[in-house]
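# Residue-level structural notes
Residues per chain, in single letters:
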Amino acid sequence: MRQELFIQSAVAISPQLSFDRNNFLKPAVYQQNGKLFAVDIEYRNYISPVAIRRMSRIMQMTISTAMEALKVAGISSPDAIITGTGRGGVTDMEHFVKDMIRLDEGPMNPTQFIQSTYNSPNGWIAMQSTSTGYNQTYVHRGSSFELALLDAQMMMAETGEPLHILAGCFDELTEEYYFIRGKRDYWKKPAIPTNELYQHGDTPGTIAGEGTAFFVLSNRPGNAVAKIVDLRILYNAKEQNLHALIKNTLDEAGLAPEAISLVLIGDNGDSRQRAYYQDLTTLFPEDVLGRFKHLSGEFDTAMGFAVWLAEHIIRTGIVPEECQNNRKTESDIRHILILNHYILGTASILLMSRS
Amino acid sequence: MSAAPDKIVVTARGIISSLGIGHEAHIAAIRAEESGLRYPEILSTRHAREFVLGEVRMDNPGLMAHLGIPPNAPGYTRTTLLSMCAMQDLLKEVPLEVLRNGNLALINANTVGGMSVVENMYLSFLEEHTPEELCQWLDTLDCAESTEHIARFFGLKPAMATISTACSSSANSMIVGARMLRHGLADFVIAGGGDALSRFTLNGFNSLKNLDRDPCKPFDEHRNGLNLGEGAGYVLLERESSALERGARILAVLSGFSNHNDAYHPTAPSPDGSGALRTMKGALEHAGLAASEIDYINAHGTATLNNDLAEGKAIQDLWEGRPPAFSSTKAFTGHTLAAAGVVEAILSIGAMHSGWILPNLNNSSPMQELSIRATIQGSSGNLKNVMSNSFGFGGNNVSLIFSKL
């Protein structure tokens, strides 16, 4: 959908040092075993000591990211809270289901049950920010965060009034999840060092990741340095013509391919999914292609990290060398195109421009 | 959200619950005051003789046979099967070709994906060697699994979304679907959701100590908790102009809706009912209707101590002590969780069509905190505008208003 979303704040907890963006990639964080867990922050700065004691790590990550995004934007209570998550509170779900089996359905801990509910973080964020407005949670695998953004776009189009929407995503990686989905050939076997992801592009599988990202979005420019201009969600990506959709996205924005400073692609190093990004050089010069999944790992809402990264690049005016090997010249970064896909067949196109 | 000139209308519906398949079976059971609650015979649980549940009276092979799926076909969770049965029922009211050829969106909802199946094999997922026949279920825990299954099974290629906001999930599907129609993102929307009973959910609610062992008593002084149920439902939404153009029968207008958060507590509603009040007011405002124009409210009415007090107070306040007929149908179906919003929307539309106000079972003592009382006996009435409430964990509150054209 074409609808501008001005990004008033962008905050991410990721496997990289992203929460304090001044430290981003100083240095880049890589792991030897193909699993990129997020770098923890001091969650007690955002959640009361009483509440935090019984709270799972993903709840702490999600609430902290959301509250920091509100703080940076200077918004105490957003008009709406919209999130996407592929897997929700995985740790709590795992504990609850195993306890249930082990205890033969005996007395159980309700906290884990409550926190495994997909919209549990939404409720907490609403409480902490006293936000009684619209509240929504999308759980559609690799489209979850994109659907949250689409909903935000619809809301903006529904009113002329100034609106501040908190939109975000959260997904956690657990050892158990990694082990189980490994049986579906999600990951590289054997596991590889994460910095070598793209040297293994001729074999199946990828590396695992996790993270949270939250954004305060508005229909007014405010202090935004970047805006989301267009978003396309592909539900049957294999059958859809990605090139035609990219061209259409650019045409409708009145942009020639040369106007795109960076094409951030969601290549996850899996040989079975390379087709999504094939022949992109017929549309764009090789040196504008950049990658991010060796930094975030692959997960349902890795798109949240990509949007955070694109905003960061527009903000700083620098494309990190970790994202792009062959960059020949630093140029004025005006437009970034994100092309992402997820393991189970969905993809998305997002156009971001300098505000 | 401003009103648009082209109305959003309901032109088909499909439903399955412990009351049977199809809206006619549901309305007939409710008119006969026959509840679907019983001790479970299909869900395998240690608590089978402790809690009555709203269990669909077909096991998984039975559901597969009903859908014409070969008995050994893998990967169909009970959530998916219930959802596909509801979808198949919807197709009695719309030709499949209309959906295949149109610009379609499928907005689905559930709370625990394929947990009803996965919980029985989870430990073997953790073994070094999982038998091959079990590996086919590894991705079925995802909430989107049933959504994508529905699309595949019926040969549809829609835009898709899956929503999970606990007990208001499928009510939210309808809101999102209606908005997609208004924005021209789709011309037809199938909106709804489904949930299957699982030990996970049963033990979860049991750990919260809000399950009644006996049939629940919504809005009764001696209410003692909810009964879980299972089921699925979908409505076909389209713009009025589209329905008129193709000569479709318009069943109802989705004339107003509202989603607000309680911002009060992870699982309990604001005790003064302010969250429910805000949400119902929002739906009236969106529909451009006065409270006095509502003829019937299908309440969320879970029969938990908290919900019925908060919702009852809100209804009492909004209608200044003189509300229209209101009832909870949870004593018929149990609480079907993600499906509850759409199941009750379809029942509300059924009430409107049959001119029959749905009774609230098991209510013999009015709540002392309230001056108002739920409708305990079915009776005829001309229902022009009906409201349906769905209030979920995480303070996720939704009210929908359906109107006669």
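Residues numbered from 1 in each chain as written. Chains lettered and ligands numbered in written order. Predicted model: local features only at pLDDT ≥ 70, side-chain atom pairs only at ≥ 80, totals over all residues.

### Let's talk about the interface of chain A and chain B
Taken residue by residue, the interface counts 47 residues in chain A and 50 residues in chain B. Those elements that place two or more of their residues in the side of chain A that touches chain B are helix H3 (90-102), helix H4 (110-116), helix H5 (120-128), strand S3 (134-138), helix H6 (144-157) and helix H7 (175-182) of chain A. Per-class residue counts for the side of chain A that touches chain B are 22 nonpolar, 16 polar and nine charged. (Contact = placed C-beta atoms within 7 Å. Helix = DSSP H or I, 4+ residues; strand = E, 2+ residues; numbered from the N terminus. Nonpolar A, V, L, I, M, F, W, Y, C, P; charged D, E, K, R; others polar.)

### Notes on the domain arrangement of chain A
Residues and elements named next belong to chain A. Assigned domains within chain A: domain 1 (2-226) and domain 2 (229-354). Measuring from the centre of the C-alpha atoms in domain 1 to the corresponding centre in domain 2 gives 21 Å. Contact residues are listed per partner, giving 52 residues for domain 1 and 41 residues for domain 2. Within the residue set of the side of domain 1 that touches domain 2, elements represented by two or more residues are strand S1 (2-13), H6, strand S4 (164-171) and strand S5 (211-218). Of the residues forming the side of domain 1 that touches domain 2, the biggest block, six residues, is contributed by H6. Considering only residue class, the side of domain 1 that touches domain 2 consists of 23 nonpolar, 20 polar and nine charged. (Domains from an automatic or database assignment.)

### Some points on the pairing of S1 of chain A
Residues and elements named next belong to chain A. Taking burial as the measure, the 12 residues of S1 include nine buried ones, the bulk of the element. Strand direction decides the pairing type here: S1 and strand S6 (residues 226-234), joined by four bridges, are antiparallel. Bridged to Leu5 within S6 is Ile228. When S1 meets S5, the two strands line up antiparallel, connected through seven bridges. Within S5, the position partnered with Ala12 by the bridge is Ala213. (Buried ≥ 20, exposed ≤ 12 C-beta atoms within 10 Å, placed from the backbone. Pairing = 2+ DSSP bridges.)

### Remarks on the nonpolar core
Formed by 238 residues in total, the largest nonpolar core has its most connected members in Met174, Val235 and Leu237 of chain B. Setting aside residues no more than four positions away along its own chain, Leu237 of chain B makes contact with Ile8, Val10, Met174, Gly177, Ala178, Leu181, Val189, Ala191 and Leu254 of chain B. (Core = buried A, V, L, I, M, F, W, Y, C linked by C-beta atoms within 7 Å.)

### Re the domain arrangement of chain B
Residue and element names in this part refer to chain B. Along its sequence, chain B is carved into domain 1 (8-245) and domain 2 (257-403). Distance between the C-alpha centres of domain 1 and domain 2: 21 Å. Facing the 62 residues of domain 1 at the interface are 55 residues of domain 2. If you tally residues by element for the side of domain 1 that touches domain 2, the top one is helix H9 (residues 169-182), at eight residues. Grouping the constituent residues of the side of domain 1 that touches domain 2 by class yields 25 nonpolar, 27 polar and 10 charged.

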